[in-house]
Amino acid sequence: MKRKITFGSLLAGLASLLLFMGCSGTQSLQEYYVDNSENPNFLVLDVPANILKLDEAALSETEKQALRSLRKLNILTFRKTEANAQSYEEESAKVKAILKDSEFKELMKLNTKYGRGVVKYLGDEDAIDEVVIYGDSRENGFAVIRVLGKNMNPAYFVQLLQAIENADLEGEGLSELAFLING
């Protein structure tokens, strides 16, 4: 018995195939932020880059260029407690799985007295549009910072990270982030 394939059934089959191929089982970092924005274990901040209020007079020309390329920061922190220790393990594993996606390119690994982390980016090596900083302290929790900008240069960005690390974040409403960075 021969089956007759109509144009409509062929079109429906192709649409289903494209939909299936377009769906990824991996959650995106943006989806993870949105999904956890109401979770009481998380603190979510969306801040414009100018809130950092780094003293431009104290910055090198390279750091100033890097600062100008920033648009905003999406910050997601999980502060670990005895009550949410299991949830911390699960959420940390989810973020690590998202960051293993091949679209994220590793810029550097971090290993400090406060914890471990990684800096990854999306885009071209000489024109980065998003940098993701993941830091994890088994005692304090973890933070994921999405740095959104335009044509950020990785060499300049590393220097800017050092300037931010030395900045006084307490006065800018970012004390939660400062706690995770500085212990």
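Details of the structure are given in the entry above.
Residue numbers restart at each chain and count upward from 1, following the sequence in its written direction. In keeping with the predicted nature of the model, local features appear solely for residues at pLDDT of at least 70, side-chain atom pairs appear and are counted solely at 80 or more, and the whole-chain, interface and lining totals rest on all residues. Excluding hydrogens and water, the side-chain values take into account all heavy atoms of the structure.

Visitor: Kindly report on the overall build of the protein chain, identifying the contributing residues and their values.
Guide: Secondary structure elements are taken from DSSP: a helix is a run of H or I of four residues or more, a strand is a run of E of two residues or more, and numbering for both begins at the N terminus. Secondary structure summary: the protein chain contains 6 helices and 6 strands in total. Listed by position from the N terminus, the elements making up the protein chain come as α-α-β-α-β-α-β-β-β-β-α-α. Each of the 183 residues in the protein chain was classed as buried or not, and the buried ones make up 38%. A sequence separation of at least 24 residues applies to 60% of the contacts in the protein chain between residues at least 6 apart. When the accessible area of the protein chain is evaluated, it comes to approximately 11,300 Å², of which 53% is carbon and sulfur surface. Exposure is judged per residue with a 1.4 Å probe applied to protein chains only, and the accessible area is read against the type maximum: over 50% gives exposed, under 20% gives buried, and values in between give partly exposed. Contact criterion: two residues are considered in contact whenever any of their non-hydrogen atoms come within 4.5 Å of each other. Accessible surface is estimated by sampling points in the Shrake-Rupley manner with a 1.4 Å probe; for residues, cover comes only from the protein chains shown.

Visitor: For the pairing of strand β2 (residues 70–79), give the residues involved together with the corresponding values.
Guide: Burial analysis of β2 places 7 of its 10 residues in the buried class, the great majority of the element. In the sheet, strand β1 (residues 42–48) pairs with β2 via 7 bridges, with the strands oriented antiparallel. Counted as the bridge partner of Leu 43 is Thr 77 from β2. With 9 bridges joining them, β2 and strand β6 (residues 141–152) adopt antiparallel strand pairing. Each residue of the ladder has a partner; that of Leu 73, found in β6, is Val 147. Strand pairing is assigned whenever DSSP detects at least two bridges linking the two strands.

Visitor: Could you give an account of the side chain of Glu 91, naming the residues involved and the relevant values?
Guide: Examined against the element boundaries, Glu 91 turns out to sit in helix α4 (residues 85–99). Within 3.5 Å is the distance limit for a polar contact, defined as a pair of N or O atoms, with the added protein rule that one can donate a hydrogen and the other accept it, and that residues adjacent in sequence qualify only through two side-chain atoms. Engagement of the side chain of Glu 91 in a polar contact is seen with the side chain of Tyr 32, the distance being 2.5 Å. Setting aside chain neighbours within four positions, we find Glu 91 in contact with Tyr 32, Asn 36, Phe 42, Phe 78 and Phe 142.

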